[in-house]
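Each chain, written out:
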Amino acid sequence: MKILEIKNLRKRFGDTEVLKGVDLSLQKGEVLSIIGSSGGGKTTLLRCMNFLERANCGEIVVNGKTVYSAKEGEKPEVSPEAQLSFGLVFQQFNLFPQYSVIENLMLAPKLRAKGKAGGETVDEIRTRAESLLLRVGLEEKADDYPCQLSGGQQQRVAIARALMLAPEILCFDEPTSSLDPELTGEVLNVIRSLKDNGHTMIIVTHEMEFARYVSDRVVFMADGVIEEEGTPDEVFGNPKSEKTKAFLSVGMGKL
Amino acid sequence: MELFIEVFSKLGNGFIIALLLFALTLILAIPLGLVMCFCTMSKFKPLSLFSKLIVWVLRGTPLMLQVFAIFYLPGLLKLFVWPQMNTGWVWFDNTFSTRFIAALVAFAINYAAYFSEIYRGGIESIPKGQYEAGQVLGLTKKQVFFKIVLLQVIKRIIPPMSNEIITLIKDTALANTIAVYELIFEAKEFMTVDGLIWPLFVAGGFYLVFVGLLTILFGRLEKKLDYFKA
Ligand SMILES: Nc1ncnc2c1ncn2[C@@H]1O[C@H](COP(=O)(O)OP(=O)(O)O)[C@@H](O)[C@H]1O
Ligand SMILES: [Mg+2]
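Residues numbered from 1 in each chain as written. Chains lettered and ligands numbered in written order. Predicted model: local features only at pLDDT ≥ 70, side-chain atom pairs only at ≥ 80, totals over all residues. Heavy atoms only, no water.

This next bit is on the pattern of salt bridges. Evaluated as defined, the whole model comprises 21 salt bridges over all chains. Note that Glu-229 of chain A is salt-bridged to Arg-217 of chain A, the shortest N-O span being 2.2 Å. Linking Glu-229 of chain A in strand 10 (residues 225–230) with Arg-217 of chain A in strand 9 (residues 217–222), this pair joins segments that are 12 residues apart in sequence. A cluster of three or more residues bridged by salt bridges with shared partners is formed by Arg-47 and Glu-53 of chain A together with Lys-128 and Glu-132 of chain B. (Salt bridge = Lys/Arg side-chain N within 4 Å of Asp/Glu carboxyl O. Helix = DSSP H or I, 4+ residues; strand = E, 2+ residues; numbered from the N terminus.)

With that settled, the discussion passes to the interface of chain A and chain B. Contacts between chain A and chain B engage 25 residues on the former and 19 residues on the latter. For the pair chain A and chain B, the summed buried surface comes to about 1,900 Å²; carbon and sulfur atoms form 64% of the total. Joining chain A to chain B, the criterion identifies one salt bridge. Note that Arg-47 of chain A and Glu-132 of chain B form a salt bridge whose closest N and O atoms lie 2.7 Å from each other. One can count 10 residue pairs in polar contact (both at pLDDT 80 or more) joining chain A with chain B. Counting only elements with at least two residues in the side of chain A that touches chain B, the list comes to helix 2 (80–85), strand 6 (86–89), helix 3 (101–113) and helix 5 (151–163) of chain A. For the side of chain A that touches chain B, the class distribution of residues is 17 nonpolar, five polar and three charged. (Contact = heavy atoms within 4.5 Å. Buried area = accessible area lost by both parts, 1.4 Å probe. Polar contact = N/O pair within 3.5 Å; in protein donor to acceptor, adjacent residues only side chain to side chain. Nonpolar A, V, L, I, M, F, W, Y, C, P; charged D, E, K, R; others polar.)

Below, the discussion takes up the pairing of strand 6 of chain A. All names here are of chain A. Neither face of strand 6 is exposed, since Phe-86 and Leu-88 on one face and Gly-87 and Val-89 on the opposite face are all buried. Relative to strand 7 (residues 169–173), strand 6 runs parallel, the two sharing four bridges. If you follow Leu-88 over to strand 7, its bridge partner there is Cys-171. (Buried < 20%, exposed > 50% of the residue type's maximum accessible area, 1.4 Å probe, protein only. Pairing = 2+ DSSP bridges.)

A separate point is the site of ligand 1. Residue and element names in this part refer to chain A. Taken together, Phe-13, Val-18, Ser-37, Ser-38, Gly-39, Gly-40, Gly-41, Lys-42, Thr-43 and Thr-44 make up all the residues around ligand 1. Within the backbone of Gly-39, an N or O atom sits 2.6 Å from an oxygen atom of ligand 1. Note that an oxygen atom of ligand 1 is positioned 2.7 Å from one of the side-chain N or O atoms of Thr-43. In isolation ligand 1 exposes 560 Å². Once the protein is present, 56% of that is buried. If you tally residues by element for the shell around ligand 1, the top one is helix 1 (residues 42–49), at three residues. Of the residues in the shell around ligand 1, the class split is two nonpolar, seven polar and one charged. (Near = heavy atom within 4 Å. Areas by Shrake-Rupley, 256 points an atom, 1.4 Å probe, with all protein chains shown as cover.)

All names here are of chain A. Ordered by their spatial adjacency, six strands build an open sheet running 6-7-8-3-9-10, and the pairing between neighbours is mixed. Each end of this open sheet is capped by a strand with a single partner; those strands are strand 6 and strand 10. Each adjacent strand pair in this sheet contributes to an overall mean axis angle of 20°, direction not counted. Here helix 6 (residues 181–196) sits on the sheet and contacts strand 3 (31–35), strand 7 and strand 8 (200–204); the angle it forms with strand 8, its principal contact strand, is near 150°. (Axes fitted to C-alpha atoms, helices over the stretch in contact; angles between N-to-C directions.)

All names here are of chain B. Enumeration over the complete set of coordinates arrives at 20 aromatic pairs over all chains. Seen in terms of ring centroids, Phe-38 and Phe-145 are 6.0 Å apart; in terms of plane orientation they differ by 70°. Their pairing is edge-to-face. One end of the pair, Phe-38, is in helix 1 (residues 2–40); the other, Phe-145, is in helix 6 (residues 141–171), and 107 residues separate them in sequence. Residue classification places Phe-38 among the partly exposed residues on the basis of a relative accessible area of 42%. Summarising the aromatic geometry, the rings of Phe-71 and Tyr-72 are spaced 4.8 Å apart at their centres and angled 65° between planes, so their arrangement reads as edge-to-face. Judged by its relative accessible area of 45%, Tyr-72 is partly exposed. Three or more aromatic residues link up through ring pairs in this structure, and these residues are Phe-4, Phe-8, Phe-15, Phe-22, Trp-198, Phe-206 and Phe-210. The positively charged end of Lys-155 is found above the aromatic ring belonging to Phe-228, 4.8 Å away from the centroid. (Phe/Tyr/Trp six-rings, centres within 6.5 Å; stacked < 30°, edge-to-face > 60°. Lys NZ or Arg CZ within 6 Å of the ring centre and 35° of its normal.)

Printed below as a string of structure tokens:
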């Protein structure tokens, strides 16, 4: 079943068109990696999906329901449900510094449940938060503050925080790019365990080896379009587009 | 000995007036500054330009001038612009309370302008990622401001705010220019009437002790928010 369908998404900043009509679809439980050199529009695509930017035109369909549809010149509103179909893990973690780890996880669910009859109780939220911390291996850090954690630990908290809202599709924007090399492994392991649990994910990454073994499908983006798309073996093993070939031959070792 | 008691009781009264002016100014200026801050940050251009102009004038001219302006302006208006203005108007009859209120109004709007710039700096220094993380987690704009941004802003503005607040207690001395009987006014009386210099130094001691207390208080507040880095 198609969980996500993106149709002809376009985004301009001023006069520069950054997304030039992107089409993408995703099956439930599928893991998609997006690779490509910087400036290609990968971040912008994720930000449009998470409504941090409003696409100038195009459609976003989640589970058969159109959650965003813009024609040229329109700026549609985004419903809270649409917002919560997506989760986003940032390169810079963006944890809330004044809250402890467990409070970071509980804040949004608590605010959502507040004043709603039959909503989740604080105890239920806490139980869920604790079990997610266990899953990312940080149950002992529940009462620490973000400034006391390493980058890898902060990123794992950020992943758990995103999972608290049970998004249909969890997006990652270069989740390991601001980490020291020795800390990337712990984050990538968590992402892989999410795949084993059946989470649908879109991962923008420069970790080519990781993209190759974790993804069901790989997309190569360049200059605001999807240049090539296929299974990891197709894209990495036997790229068709010249741009993909050039990127991979330079990029494999360096990035 | 009698002289000592007289000096201390007079200066004590002056100090109470100074403290009253100080406290009321803060009570008014802290929220008014927030309003000014939101106005200068407004996306509605005319409003933001107008409020930036106001802040510029308030920060760009001497506070003493503003005290005079607030004190004399209504009187001048009555004299030249609107002579038939109801003479029963209480707020310019030159009693102590009207002079005190004129000083208070001038202080409050002047300090609100300074505070608004401190708030703006604090708000603008919060990384965009904090707002974005809040939005992606489904928080409303209001929730993002009150639950995520506000405490981080408070932490960042405590040092500059404590500076301004320490300046304020000393600035209350300016009210003596429109004969509000605060600390310096009383001390000057001893100088001009009795030829005594030392009460002025005693007055200085009052300020010094109070500033010491404020410093300790703000130090504690800063320590209280030391548990996180932002
Ligand atoms: N807010 C913005 N304003 C103007 N230009 C932007 C903005 N965000 C991104 N861009 C431009 O869009 C292009 C694509 O950026 P981005 O989506 O970050 O690419 P990638 O993530 O693939 O490196 C770049 O040329 C970048 O300069
Ligand atoms: Mg990017």
